[in-house]
Amino acid sequence: MQILLIRHGESEDDFLDEDYTGSTDLPLTSRGVEQVERMAQRVCAELPPDLIWSSTLIRARQAADLLSKTTGCSVTYIDDLKEKQEDESKTDFRMRGEKILSSIRELGKNSIRVAVVSHGGMITQIIEGFLELPLVNTVWFHSDNTGIHLLEYTRNGQLIRFTNCTAHLKNNEQLSE
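No experiment lies behind these values; they were computed from the predicted model shown.

## Overview of the overall build of the chain
Okay, step 1: What the chain contains, in helices and strands, is five helices and six strands.
Okay, step 2: For the chain, the residues scored as buried account for 50% of the 177 residues in total.
Okay, step 3: Once local pairs closer than 6 in sequence are excluded, the contacts in the chain between residues at least 24 apart make up 66%.

## Here we look at the environment of Ile126
Okay, step 1: Structurally, Ile126 can be placed in helix α4 (residues 120-130).
Okay, step 2: As for Ile126 and Leu81, which are separated by 45 residues in sequence, their C-alpha atoms are 9.7 Å apart.
Okay, step 3: The residues touching Ile126, leaving out its near neighbours within four places in the chain, are Leu5, Leu81, Gly97, Ile100 and Leu101.

## Overview of the nonpolar core
Okay, step 1: Residues Ile3, Leu5, Leu81, Ile104, Val116 and Ile126 are the most contacted members of the largest nonpolar core, which totals 20 residues.
Okay, step 2: Among the secondary structure elements, those contributing two or more residues to this core are β1 (2-7), α3 (90-107), β4 (113-118), α4 and β5 (148-154).
Okay, step 3: Per-element accounting of this core gives the leading share, five residues, to α4.
Okay, step 4: When sequence neighbours within four positions are dropped, the list of residues in contact with Ile104 reads Met1, Ile3, Trp53, Lys109, Val114 and Val116.

## Brief notes about the side chain of Ser54
Okay, step 1: Position of Ser54 relative to the elements: it lies in strand β2 (residues 51-54).
Okay, step 2: Sequence-distant contacts of Ser54, defined by excluding residues within four places in its chain, comprise Ala60, Arg61, Ala64, Val75, Thr76, Tyr77, Ile78, Leu81 and Val117.

## A look at the packing of aromatic side chains
Okay, step 1: A complete count under the given rule lists one aromatic pair for this structure.
Okay, step 2: When the ring of Phe130 is compared with that of Tyr153, the centres are 5.0 Å apart and the planes differ by 70°; the resulting orientation is edge-to-face. Of this pair, Phe130 sits in helix α4 while Tyr153 sits in strand β5, placing them 23 residues apart in sequence.
Okay, step 3: We classify Phe130 as buried; its relative accessible area is 1%.
Okay, step 4: Residue Tyr153 is classed as buried on the basis of its relative accessible area, which comes to 14%.
Okay, step 5: Directly above the aromatic system of Tyr77 lies the positively charged group of Arg61, at a separation of 3.9 Å from the ring centroid.
Okay, step 6: One cation-aromatic arrangement involves Arg105 over Tyr153; the distance from NZ or CZ to the ring centre is 3.8 Å.

What counts and what doesn't
- Residues numbered from 1 in each chain as written.
- Predicted model: local features only at pLDDT ≥ 70, side-chain atom pairs only at ≥ 80, totals over all residues.
- Heavy atoms only, no water.
- Helix = DSSP H or I, 4+ residues; strand = E, 2+ residues; numbered from the N terminus.
- Buried < 20%, exposed > 50% of the residue type's maximum accessible area, 1.4 Å probe, protein only.
- Contact = heavy atoms within 4.5 Å.
- Core = buried A, V, L, I, M, F, W, Y, C linked by side-chain atoms within 4.5 Å.
- Phe/Tyr/Trp six-rings, centres within 6.5 Å; stacked < 30°, edge-to-face > 60°.
- Lys NZ or Arg CZ within 6 Å of the ring centre and 35° of its normal.

None of the figures reported here should be taken as evidence of function without further support.
Written out as structure tokens, the structure is:
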């Protein structure tokens, strides 16, 4: 089974102060919508999912809805896919990521590919769980806007096919500024 981890596109949150929390719930910008449309076209052509799971925050919901419309695959919205919350410890955030990964494996076991639309912090938590990294570590997996990570469970173990791929943003004309 493959897991596509996809970060939402550029959102209004990207223009807030550095110390804002990921729990801020603002929509995609027009540029973010363009980024998501390109990502969705690529996913549809190269990596079509059987299932789409999405965070319930607006920017992720918008991205998942566009991906769903393009691929014809329905979306399930899952509150636990939200970014780290203000009152949440790093340990609790990691445990939430591991719980999500376990659910993906269990509920997606009959699927070839599951797409998960979420946020940079949650994507890092899922990858850390996938790699079975220690709870306390200094690793971060960077996710650009609409960055795609492809993880795979094989008969021989886990495989990371690629991380933070944004090739879909480099094709065609430049995105409007």
